[in-house]
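# Coordinate analysis (summary)
Spelled out, the chains give:
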Amino acid sequence: MIINEEIYKYIEFCNKSENVTKNDYYDMINKVYNDYSDITYHYIDYINRIQNTIGYSKIPDINIRINNARVKILKHLSKNNINFYNFNLDKNSDCLFTCAIESYLYNKYCKACKYIEEYLDVNLKLKDKYNKKINKFKFMIGKLSVISDLKNKQNIIYNYKNVCDSLDNITDKSELLNIAISYLNQMSFNNEAEKKYVVSTYTNVYANILHTLNCDSEIKQLLEESYKVTSKVLKK
């Protein structure tokens with residue numbers, strides 16, 4: 001997966017360089033999402049042409065929403081003197097929270113793409129449906145029937161827009177907590193000792209950052225979730 005390769009290269013860069021800047025981080029992450037943007041741009045444009053034809057509002061670009069959300073939350077961290085851009089863990093443990101942010105944004109991207117794929121799949125099925133009728137009866141099916149079918153699939157568009165809109169609240173206290181917990185629950189471990197060490201390390205970093213961001217009441221919930229993770233027995 002591209003995002004892992006780019007971040008791995010960036011970590012190597014941070015371990016070798018004494019002067020890592022915010023721009024270095026933005027350059028790295030923009031390379032990742034530029035590739036994704038190229039993939040989804042034409043599909044989003046295609047859906048918006050359909051939306052316009054049937055009289056519905058256009059869908060936003062998930063890539064733009066993600067980049068806006070990233071800028072918003074990283075500015076929030078920078079304002080509170082949290083170093084989000086140096087991925088040298090020995091020098092800057094705060095980068096663990098940046099990893100959680102990127103994981104959160106990437107999961108949002110994947111969820112949005114799932115709805116794009118679902119809507120495109122619906123259109124392919126409709127095209128097949130009407131083509132079969134055309135071939136069978138040898139006449140063109142009226143445009144109104146197609147429009148009616150497409151309008152009935154607006155729930156997919158609604159779900160996609162919800163994913164995009166959810167990114168607007170990324171600096172809310174509840175979302176900052178959600179980012180931390182989501183990443184905590186995605187971790188994988190080789191054994192119980194490793195699990196306890198990694199979870200406790202990450203939890204301490206998250207708790208300190210939440211405190212810095214005036215999210216003290218959210219720390220209790222983070223600790224509760226951390227306890228749940230460490231209490232689960234690993235499957236053999």
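This write-up is about the structure you can find in this document.

Analysis parameters
- Residues numbered from 1 in each chain as written.
- Predicted model: local features only at pLDDT ≥ 70, side-chain atom pairs only at ≥ 80, totals over all residues.
- Heavy atoms only, no water.
- Helix = DSSP H or I, 4+ residues; strand = E, 2+ residues; numbered from the N terminus.
- Buried < 20%, exposed > 50% of the residue type's maximum accessible area, 1.4 Å probe, protein only.
- Contact = heavy atoms within 4.5 Å.
- Areas by Shrake-Rupley, 256 points an atom, 1.4 Å probe, with all protein chains shown as cover.
- Axes fitted to C-alpha atoms, helices over the stretch in contact; angles between N-to-C directions.
- Parallel < 35°, antiparallel > 145°, perpendicular 65-115°, else oblique.
- Nonpolar A, V, L, I, M, F, W, Y, C, P; charged D, E, K, R; others polar.
- Polar contact = N/O pair within 3.5 Å; in protein donor to acceptor, adjacent residues only side chain to side chain.
- Salt bridge = Lys/Arg side-chain N within 4 Å of Asp/Glu carboxyl O.
- Core = buried A, V, L, I, M, F, W, Y, C linked by side-chain atoms within 4.5 Å.
- Phe/Tyr/Trp six-rings, centres within 6.5 Å; stacked < 30°, edge-to-face > 60°.
- Expected span 1.5 Å × (residues − 1).
- Arc of directions from axis to C-beta.

## Quick word on the overall build of the protein chain
If you tally the helices and strands in the protein chain, you get nine helices and zero strands. The linear arrangement of helices and strands in the protein chain, starting from the amino end, is α-α-α-α-α-α-α-α-α. Out of the 236 residues in the protein chain, the part that is buried amounts to 44%. Within the protein chain, residue pairs in contact and separated by at least 24 positions form 75% of the contacts whose partners lie at least 6 positions apart. Carbon and sulfur atoms form 50% of the exposed surface of the protein chain, whose accessible area is close to 13800 Å².

## Considering unusual backbone geometry
Phi is positive for N81, which is not a glycine, with a value near 60°. Within the fold, N81 resides in the loop between α3 (62-79) and α4 (95-137). Owing to a relative accessible area of 71%, N81 belongs among the exposed residues under this scheme.

## Things to note about the packing of helix α7 (residues 173-186) against helix α8 (residues 192-212)
One way to put it is that α7 packs onto α8 with a least axis distance of 11 Å and a crossing angle of 175°. The orientation of α7 with respect to α8, classified from their angle, is roughly antiparallel. Facing L176, L177, A180, Y183 and L184 of α7, the residues of α8 in contact are V199, Y202, T203, Y206 and L210. Partitioning the contact of α7 with α8 into residue classes produces nine nonpolar, one polar and no charged.

## Description of the side chain of Q154
With respect to the helices, strands and loops of the structure, Q154 is situated in helix α6 (residues 154-166). At 2.8 Å, the side chain of Q154 forms a polar contact with the side chain of Q51. For Q154, the contacting residues outside a window of four places in its chain are Q51, I54, Y56 and Y119.

## Description of the packing of α8 against helix α9 (residues 216-231)
One can describe the packing of α8 onto α9 by two numbers: an axis separation of 10 Å at closest approach and a directional angle of 175°. Taken as axis vectors, α8 and α9 run roughly antiparallel relative to one another. In this structure, α8 contributes E192, K195, K196, V199, T203, Y206, A207, L210 and H211 to the contact, and α9 contributes D216, I219, L222, L223, S226, V229 and T230. Of the residues that constitute the contact of α8 with α9, the class distribution is eight nonpolar, four polar and four charged.

## With respect to the pattern of salt bridges
Summed over the entire model, instances satisfying the criterion amount to six salt bridges. Residues D45 and R49 are paired through a salt bridge, measuring 2.6 Å at the closest nitrogen-oxygen approach. On the criterion of helical spacing, the pair formed by D45 and R49 is a turn pair, its members being four residues apart in helix α2 (residues 22-53). R65 serves as the salt-bridge partner of D165, at 3.1 Å between the closest nitrogen and oxygen.

## Focus on the environment of K79
Secondary-structure assignment places K79 in helix α3. Taking C-alpha positions, K79 is 9.7 Å from L213, a pair spaced 134 residues apart along the chain.

## A short note on the nonpolar core
Grouped together as the largest cluster of nonpolar side chains are 70 residues, with contacts concentrated most on Y25, Y33, I62, L105, Y160, Y206 and L222. At the level of secondary structure, the elements contributing two or more residues to this core comprise α1 (2-16), α2, α3, α4, α6, α7, α8 and α9. If one sorts the elements of this core by residue count, α4 sits on top with 16 residues. Those residues in contact with L105 that sit more than four places away from it in its chain are Y33, I66, A69, R70, L167 and I170.

## Notes on the packing of aromatic side chains
The way to describe two aromatic rings as a pair is by their centre distance and the angle between their planes. Applying the stated rule across the entire model yields 13 aromatic pairs. Clustering of aromatic rings is evident, with ring pairs tying together Y10, F13, Y25, Y26, F84, Y85 and F87.

## Looking at α3
Look at α3: 26 Å from first C-alpha to last across 18 residues, which is about the 26 Å you get at 1.5 Å a residue. Of all the positions in α3, only I62, N63, I66, A69, R70, I73, L74 and L77 are classed as buried. The buried side chains of α3 occupy one side of the element, clustering within an arc of 130° when seen end-on. Turned more than 90 degrees away from the buried face of α3, the exposed residues are K75 and K79.

## Some words on the side chain of E102
Tracing the chain through its elements places E102 in helix α4. Side chain to side chain, E102 and Y25 meet in a polar contact 2.5 Å long. Other than its neighbours up to four places away in sequence, E102 contacts Y25, I29, Y33 and R70.

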